[in-house]
Amino acid sequence: MTVKQLTKIALMSASMVCVFQIFSNILYLELITFTIVLYAMTSSKREAILSCVIFACLNMLFLGITPWTCMYLMIYPLYALVVVIFKGFLNKHLLCLCLLCGFLSFLCGQLLDLPFLLFSKHVALLYWISGLKTSLIQGILSFLSCLFLYEPLSKRIEALQKRQ
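Parameters at a glance
- Residues numbered from 1 in each chain as written.
- Predicted model: local features only at pLDDT ≥ 70, side-chain atom pairs only at ≥ 80, totals over all residues.
- Heavy atoms only, no water.
- Helix = DSSP H or I, 4+ residues; strand = E, 2+ residues; numbered from the N terminus.
- Rg over C-alpha atoms; globule rule 2.2 N^0.38 Å.
- Buried < 20%, exposed > 50% of the residue type's maximum accessible area, 1.4 Å probe, protein only.
- Phe/Tyr/Trp six-rings, centres within 6.5 Å; stacked < 30°, edge-to-face > 60°.
- Axes fitted to C-alpha atoms, helices over the stretch in contact; angles between N-to-C directions.
- Parallel < 35°, antiparallel > 145°, perpendicular 65-115°, else oblique.
- Left-handed = near helix turned anticlockwise from the far one by under 90°.
- Contact = heavy atoms within 4.5 Å.
- Nonpolar A, V, L, I, M, F, W, Y, C, P; charged D, E, K, R; others polar.
- Salt bridge = Lys/Arg side-chain N within 4 Å of Asp/Glu carboxyl O.

A. Structural context of the overall build of the chain. Scanning the chain from terminus to terminus reveals eight helices and zero strands. Along its sequence from the N terminus, the chain presents helices and strands in the succession α-α-α-α-α-α-α-α. Computed over its C-alpha atoms, the radius of gyration of the chain comes to 16 Å, within 12% of the 15 Å expected for a compact globule of 164 residues. Here the chain holds 164 residues, and the buried ones make up 40% of them.

B. Up close: the packing of aromatic side chains. According to the stated counting rule, one finds five aromatic pairs in the structure shown. Arranged with centres 5.6 Å apart and planes meeting at 65°, the rings of Phe 20 and Phe 55 form a pair that is edge-to-face. In this pair, Phe 20 is assigned in helix H1 (residues 3-23) and Phe 55 in helix H3 (residues 45-63), connecting sequence segments 35 residues apart. With respect to burial, Phe 20 and Phe 55 carry one shared label: buried. For the pair Tyr 72 and Tyr 76, a centre-to-centre distance of 5.4 Å together with 10° between the ring planes defines the contact as stacked. One end of the pair, Tyr 72, and the other, Tyr 76, are both in helix H4 (residues 67-85), four residues apart, so they sit about a helical turn from each other. You can call Tyr 72 buried: its relative accessible area is 11%. For Tyr 76, a relative accessible area of 1% translates into the label buried. Members of the aromatic cluster, connected to one another through ring pairs, are Phe 20, Phe 55, Tyr 72, Tyr 76 and Tyr 79.

C. Region of the structure containing the packing of helix H2 (residues 32-42) against H4. At a minimum axis separation of 9 Å, H2 and H4 run at an interaxial angle of 45°. Classed by the angle they form, the pair H2 and H4 counts as oblique. Regarding H2 and H4, the two cross each other, and that crossing is right-handed. For the pair H2 and H4, contact is made by Ile 32, Thr 33, Ile 36, Val 37, Ala 40 and Met 41 and by Tyr 76, Tyr 79, Ala 80, Val 83 and Val 84, respectively. In terms of residue class, the contact of H2 with H4 is made up of 10 nonpolar, one polar and no charged.

D. Structural view of unusual backbone geometry. Even without being a glycine, Tyr 28 presents a positive backbone phi close to 75°. Mapped onto the secondary structure, Tyr 28 falls in the loop between H1 and H2.

E. Structural context of the pattern of salt bridges. Applying the stated criterion to the full structure yields one salt bridge. Across the pair Lys 8 and Glu 47 runs a salt bridge, and its minimum N-O distance is 3.0 Å. Here Lys 8 is found in helix H1, whereas its partner Glu 47 is found in helix H3, with 39 residues between them in sequence. A relative accessible area of 7% means that Glu 47 is categorised as buried.

Just distances and angles here, no functional claims.
Have a look at this one:
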């Protein structure tokens, strides 16, 4: 790996940490999934996945190592991989990209309730059901943010990459 790639990965990871921290205090507005989708669409597979891994590790440093922060280490690199795999199709169909972003955001909220299974099936089911409304709203907001922000941001990122 070159120094240029390492720097790009570090900048992407740092920006993900900033996005996660800034929007974690605003109810329902979860833009980390959109950011991961944006980076997966505008960078290589290796860069997208490694930046998600580093983000998750940094997140564990800030929030502590818990089953929930460990879930970020599993979920977000997998999201980047899914988006990169379908990048060719998604480049041609913006609506499908937005739907995927919204679905992944919704799914994240549901997957993050899985560690409650460590306590009890009933507790996990309760958290899963009570989190449906929140996850649904997050998915809709991620869909809308992707719909309105993806094209201008991806064009800026591509212009920066061409300049280099």
